[in-house]
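Listed below are the residues making up each chain.
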Amino acid sequence: MRILSFIIANFTVLLTLSANELPQQDNKEHLGVASCAASMCHGSVIPREGSDVLQNEYIIWSRADAHSQAFQTLLSPESKKIANKLGLESATTASICLDCHSDNVNTDQQGEKFQLSDGVGCESCHGGAEEYITSHTHAAISRDENIAKGLYPTDKPKARAQLCLSCHLGNKDKQASHDIMGAGHPRLAFELDTFGILQPLHYVVDEDYLKQKWAGNNYITWIYGQLEASRATLDLLEEKLIDNSTLFPELSLFDCHSCHHNMSDLKWNENKGQGFKPGTVRLNDGNFKMLMIIASSTGHSEILHQHLADVKSSLNDKRKLKALITAIFKDIEQLEKAIMAQSIADKKVSAFATLNDILSAGTNGEFSDYIAAEQVVMAIDLLFEFIAKKPEFEEDISLLFDLVANDEKFNDALFSKQLSKLYERIRQ
Ligand code: HEC
Ligand code: HEC
Ligand code: HEC
Ligand code: HEC
């Protein structure tokens, strides 16, 4: 009996560890930013000496991090217009907005100091603190134990990807759908490594950090960002296309720019067409394109390529589409295993090969859709960083960023020309 309960207890720990329930679904009480912000805890004005963490996380978040303004945004004239057009009484009370712009947990999980107006606060990312609030400051209590108590493993790249993407791409529970975009919501674009760097840092990777946590690495962070974004896209395709009986499926799953441009601006060419006739609506496949590039250095690319191509021609055959989605989930799993089994030296080689593949494909006009180009530029930037060659190519990279700065002015011919220049430069 004791053995059995021991097994059950440990099994539950394993389950909580492996499931990584997103903070919004963790069923823990969320105590509110004020509970983390005391000056002896995370509210110090300057980084504290002799502490393992900065302790000024609150000040960084509240002064510099856009997440602290996420709820305030819902009070802006833009949000009022969006809410009006959607027939919502107010953006500040609509779950559809609060789900991403705040820590929208059930009212019975909201602690005394909890306020929705804190926006995307500490517990939106680190998990409800109900059970770890007292234990997470004890040196004797391990990180895994705190994670079992509800601390979200933000350092693990896969868990982090799932967390950030839940708001920056959407999932089955929440989505910035085409009606929200149609009402004026900005288009969402995300890449895990780039956005991780854009978010003002409230932690330092020092010796103590490395003892307990994953060190971070641009290449692996990028890969998990793409693997998880592809998985999330497949989930959405399954949910919105297969279980859908409306005249038009959810349009945000398709490439915005394939519908939204002037009719006199004829953009179709063979690369853009991807095997389809002019006038075909294309999938929003920027992440799938990156997935293909990632696979190209591993020997998993042919089958994945075939499956992804088949998806595009099977969008109106629900049975076939479902089977393909299942197959691609398996392809992604194998790809993940193959890459994670590489040694660090192999990863550097792979990263260089990947960079080469991107530039070579780009030279052939492979990334003529804006959504792919945008992903490509972020990937090139972080891959140069990873192979420690960024300073040499700084100017070329910044030119690429200029070329994708405005989606409505994107010129695919100029873009592939710049990629081919860079391709020549790295081969010199
Ligand atoms: C609960 C939802 C949510 C989660 C989780 C989340 N974000 Fe955000 N993020 C937002 C919202 C909403 C905004 C826009 C805030 C505003 O301006 O009102 C935002 C803004 C940002 C910005 C600023 C973008 C810009 O254009 O200036 C960055 C960078 C960012 N997030 C990175 C991340 C990263 C990295 C993660 C994961 C570690 C993450 N976010 C997790 C909702 C979220
Ligand atoms: C799936 C998550 C999600 C949903 C749902 C969502 N948003 Fe957002 N919203 C974001 C993210 C992420 C950003 C930041 C985009 C960026 O900068 O990359 C954002 C940005 C915005 C911005 C622009 C902010 C700025 O600083 O420019 C406004 C306005 C906005 N959202 C309003 C709303 C309203 C109103 C609703 C409800 C009708 C809503 N959002 C629903 C995730 C979401
Ligand atoms: C948008 C998501 C997000 C928000 C909001 C956020 N964090 Fe973090 N935080 C992270 C990520 C990602 C890391 C880095 C990975 C890690 O160390 O787990 C991190 C790391 C930390 C660390 C670890 C430092 C170390 O050296 O080990 C502390 C402490 C922390 N955050 C506290 C806070 C506090 C306090 C708040 C609110 C004032 C907050 N965070 C808000 C995502 C977030
Ligand atoms: C399959 C074609 C298609 C795709 C793909 C598509 N849209 Fe639309 N969009 C439409 C149609 C149709 C309308 C409504 C027609 C209108 O109001 O002009 C519309 C309306 C809009 C509007 C409002 C325009 C207005 O004048 O009020 C915005 C903004 C918008 N879409 C943004 C997006 C974004 C962002 C994406 C990608 C995430 C996207 N659309 C993807 C077809 C599409």
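Starting from 1, residues in each chain are numbered consecutively following that chain's sequence as written. The lettering of chains begins at A and the numbering of ligands begins at 1, in the order of writing. Only residues with pLDDT of 70 or above have their local features reported here, since the model is predicted, and side-chain atom pairs are shown and tallied only from 80 upward, although totals for entire chains, interfaces and linings are computed over all residues. Neither water nor hydrogens contribute to the side-chain values; these are computed over all heavy atoms in the structure.

So, about the site of ligand 2. We call a residue near a molecule or strand whenever a single non-hydrogen atom of that residue lies within 4 Å of it. Taken together, 19 residues are adjacent to ligand 2, and Ile96, Cys97, Cys100, His101 and His185 come closest. At 2.9 Å from a nitrogen atom of ligand 2 is found a side-chain nitrogen or oxygen belonging to His101. Throughout this description, a polar contact denotes any pair of N or O atoms lying within 3.5 Å of each other; where both atoms belong to protein, one of them has to be capable of donating a hydrogen while the other can accept it, and for residues adjacent in sequence the pair is counted only when both atoms sit in side chains. Contact distances for ligand 2 include 2.7 Å between a nitrogen atom and a side-chain N or O atom of His185. Comment: elements are numbered from the N terminus, with helices defined as DSSP H or I runs of at least four residues and strands as E runs of at least two. Taken together, the elements giving at least two residues each to the shell around ligand 2 come down to helix 5 (77-86), helix 6 (95-101) and helix 9 (157-168). Here the term charged refers only to Asp, Glu, Lys and Arg, the term nonpolar to Ala, Val, Leu, Ile, Met, Phe, Trp, Tyr, Cys and Pro, and the term polar to all other amino acids, Gly among them. Taken together, the residues that form the shell around ligand 2 break down as twelve nonpolar, six polar and one charged.

Here the focus is the coordination of the iron atom of ligand 4. Taken together, His178 (NE2) and His260 (NE2) make up the protein donors of the iron atom of ligand 4, found 2.0 Å from the metal. Given six donor atoms and angles of 86 to 178 degrees at the metal, the environment of the iron atom of ligand 4 is assigned as octahedral. Note that His178 is positioned in helix 10 (residues 178-182) and His260 in the loop between helix 14 (256-259) and helix 15 (270-273), a separation of 82 residues in sequence. For Na, K and Ca the donor cutoff is 3.2 Å, while for all other metals N, O and S atoms count as donors only within 2.8 Å; water does not appear among the atoms, so some sites may look incomplete. Key to geometry: four donors with every angle between 85 and 135 degrees are tetrahedral; four donors are square planar and six octahedral where opposite donors lie over 155 degrees apart and all remaining angles lie between 65 and 115; all other sites are irregular.

Attention now goes to helix 3 (residues 57-64). Partly exposed residues are those whose accessible area sits between 20% and 50% of the maximum for their type, while under 20% is buried and over 50% is exposed, using a 1.4 Å probe and protein chains only. When we look at burial in helix 3, the residues that qualify are Glu57, Ile59, Ile60 and Trp61. If you follow the buried residues of helix 3, they end up packed against helix 2 (33-36). Note on contacts: a residue pair qualifies if any of its non-hydrogen atoms lie within 4.5 Å across the two residues.

Let us look at the coordination of the iron atom of ligand 1. For the iron atom of ligand 1, every protein donor is listed as His67 (NE2) and His168 (NE2), and the spread of their distances is 2.0 Å. You can call His67 partly exposed: its relative accessible area is 22%. On the accessibility criterion, His168 (26% relative accessible area) is partly exposed.

Joining through side-chain atoms within 4.5 Å is the link that ties buried Ala, Val, Leu, Ile, Met, Phe, Trp, Tyr and Cys residues into a set, and such a set is a nonpolar core. Trp222, Phe367, Ile380, Phe384 and Phe415 are the most contacted members of the largest nonpolar core, which has 60 residues in total. For this core, the secondary-structure elements that each account for two or more residues are helix 13 (218-242), helix 16 (286-296), helix 17 (301-313), helix 18 (318-340), helix 19 (344-363), helix 20 (370-386), helix 21 (390-403) and helix 22 (412-427). Once residues within four sequence positions are removed from consideration, Ile380 is found in contact with Leu355, Ile358, Leu359, Leu400, Leu419 and Leu422. Core analysis: the next-biggest nonpolar cluster, separate from the first, contains seven residues, Phe71, Ala83, Ala91 and Ala94 among them.

Moving on to a nonpolar patch on the surface. In this scheme, patches are assembled from residues that exceed 30% relative accessible area and form no salt bridge. Like charges are connected within 9 Å, while nonpolar side chains (Val, Leu, Ile, Met, Phe, Trp, Tyr) are connected within 5 Å. All accessible areas in this document rest on Shrake-Rupley with a 1.4 Å probe, and a residue is counted as covered only by the protein chains that are shown. What makes a salt bridge here is a side-chain nitrogen of Lys or Arg within 4 Å of a carboxyl oxygen of Asp or Glu, nothing more. Together, Leu201, Tyr203, Val205 and Leu210 make up an exposed nonpolar region whose accessible area comes to about 340 Å². Within the secondary structure layout, Leu210 lies in helix 12 (residues 207-212). With relative accessibility at 44%, the residue Leu210 sits in the partly exposed group.

Summarising the element assignment, Asn217 is placed in the loop between helix 12 and helix 13. If we ignore the near neighbours within four places in the chain, the residues touching Asn217 are Ile344 and Phe386.

Another aspect to go through is the domain arrangement of the chain. Split into domains, the chain comes out as domain 1 (22-212) and domain 2 (218-427). Between domain 1 and domain 2 lies a buried interface of about 2100 Å² when both sides are counted; carbon and sulfur atoms form 61% of it. Buried area is understood as the total, over both parts, of accessible area removed when two parts are fitted together, assessed with a 1.4 Å probe. By the criterion of area lost to domain 2, the three top residues of domain 1 are Lys172, His178 and Arg187, representing 28% of everything that side buries. The shortest N-O distance in the salt bridge between Glu336 and Lys158 comes to 3.1 Å. Put simply, domain 1 and domain 2 have seven residue pairs in polar contact (both at pLDDT 80 or more) between them. Secondary-structure elements contributing two or more residues to the side of domain 1 that touches domain 2 are helix 9 and helix 11 (192-198). Domain boundaries shown here were taken from an automatic or database domain assignment.

Note on geometry: axes are lines fitted to C-alpha atoms, helical ones only across the stretch in contact, with angles between N-to-C directions running from 0 to 180 degrees. With their axes 12 Å apart at the nearest point, helix 20 and helix 22 run at an angle of 20 degrees to one another. Of the possible angle classes, the one that applies to helix 20 and helix 22 is roughly parallel. Taken as a pair, helix 20 and helix 22 cross one another with a handedness that is left-handed. Contacts between helix 20 and helix 22 involve Ala373, Val376, Val377, Ile380 and Phe384 from the former and Phe415, Leu419, Leu422 and Ile426 from the latter. Here the residues of the contact of helix 20 with helix 22 are counted per class, giving nine nonpolar, no polar and no charged. Orientation is classified from the angle alone, with under 35 degrees giving roughly parallel, over 145 giving roughly antiparallel, 65 to 115 giving roughly perpendicular, and any other angle giving oblique. Here a crossing is called left-handed whenever its near helix is offset anticlockwise from the far helix by less than a right angle, and right-handed whenever the offset is clockwise.

Moving on to the pattern of salt bridges. Taken as a whole, this structure holds 14 salt bridges when the rule is applied. One salt bridge connects Arg187 with Glu374, and the closest N-O pair in it is separated by 2.7 Å. Of the two residues, Arg187 is situated in the loop between helix 10 and helix 11 and Glu374 in helix 20; the sequence distance between them amounts to 187 residues. A single salt-bridge network, built from bridges that share partners, covers Lys158, Glu228, Arg231 and Glu336.

To continue, consider the site of ligand 3. Residues in close proximity to ligand 3 total 22 residues, the closest being Cys122, Cys125, His126, Thr154 and His202. In this structure, an oxygen atom belonging to ligand 3 sits 2.8 Å away from a side-chain N or O atom of Tyr209. Take Lys213: an N or O atom from its side chain is 2.7 Å from an oxygen atom of ligand 3. Elements that contribute at least two residues to the shell around ligand 3 include exactly helix 3 and helix 7 (122-126). Tallied by class, residues from the shell around ligand 3 come to nine nonpolar, seven polar and six charged.

Another aspect to go through is the environment of Asp285. For Asp285, the location among the structural elements is in the loop between helix 15 and helix 16. By relative accessible area, Asp285 is classed as buried at 2%. Note: C-alpha distance between Asp285 and Asp369 (84 residues apart in sequence) is 9.3 Å. Apart from the residues lying within four places of it in its own chain, the contact partners of Asp285 are Gln274, Lys312 and Ile371. Looking at Asp285, its side chain comes within polar contact range of the side chain of Lys312, at 3.1 Å.

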